[in-house]
Amino acid sequence: METNTHPTILYINNVMYHLDLLPWVSLLDVLREEIHLTGTKKGCDHGQCGACTIIVDGKRILSCLTLGVMKNGSEITTIEGIANGDDLHPLQKAFIEHDAFQCGYCTPGQICSAVGLLNEGKAKSREEVQELMSGNLCRCGANRGIINAIMEVKEGGRHE
Ligand code: FES
Ligand code: FES
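Trainee: I'd like a rundown of the side chain of Thr66, residues and numbers included.
Mentor: Topologically, Thr66 is positioned in the loop between strand E4 (59-62) and strand E5 (75-77). Within the local environment of Thr66, its side chain forms a polar contact with the backbone oxygen of Leu62, the two atoms lying 2.9 Å apart. Aside from chain neighbours lying at most four places away, what touches Thr66 is Val25, Ser26, Leu27, Ile61 and Lys71.

What follows is the structure, given as structure tokens:
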């Protein structure tokens, strides 16, 4: 263990990890570099694009703006843990049905953010869904499909 590291326990996709983290390392880098879960993407690394969105204790957060040590003891879900085994999450199915991605780089963040949005239960209309998803950018212009997919799950009550 390096001198400046902090013992940290993270529960990621239902697996417990004992880590020794340097205090300045972002949760995004912990996931990608230490745990090798590379589904969570690094876009801007500055809180501007939403590509790094994950779910921590049921809430969506930007993992690039969060230090790993701050989340000691937290339950984390990344895109790798969204499906239930081979059974895709309803949002994953809806993204496929609605052609809600092209290059796919923003997609893990979009889906995690949408899970968080549905958990929040604040968005009532399509406009509100659009507004509350506005922190997740898609450079490919798949926004219409993304919102369509989220609306379908929201209205179908299929989120978990
Ligand atoms: S990588 Fe975190 S918001 Fe862009
Ligand atoms: S699908 Fe390419 S950035 Fe969104």
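Anyway, onward from the coordinates.
Trainee: How would you explain the pattern of salt bridges if you had to name every residue and give the values?
Mentor: Scanning all chains against the criterion turns up four salt bridges. Note that Lys42 and Asp29 form a salt bridge whose closest N and O atoms lie 2.9 Å from each other. Taken together, the residues Lys42 in the loop between helix H1 (27-34) and strand E3 (53-56) and Asp29 in helix H1 connect sequence positions 13 residues apart. The class of Lys42 is partly exposed, set by a relative accessible area of 28%. Residue Lys93 pairs with Asp87 through a salt bridge whose shortest N-O separation is 3.3 Å. A relative accessible area of 31% places Lys93 in the partly exposed class.

Basis of the calculations
- Residues numbered from 1 in each chain as written.
- Chains lettered and ligands numbered in written order.
- Predicted model: local features only at pLDDT ≥ 70, side-chain atom pairs only at ≥ 80, totals over all residues.
- Heavy atoms only, no water.
- Helix = DSSP H or I, 4+ residues; strand = E, 2+ residues; numbered from the N terminus.
- Polar contact = N/O pair within 3.5 Å; in protein donor to acceptor, adjacent residues only side chain to side chain.
- Contact = heavy atoms within 4.5 Å.
- Salt bridge = Lys/Arg side-chain N within 4 Å of Asp/Glu carboxyl O.
- Buried < 20%, exposed > 50% of the residue type's maximum accessible area, 1.4 Å probe, protein only.

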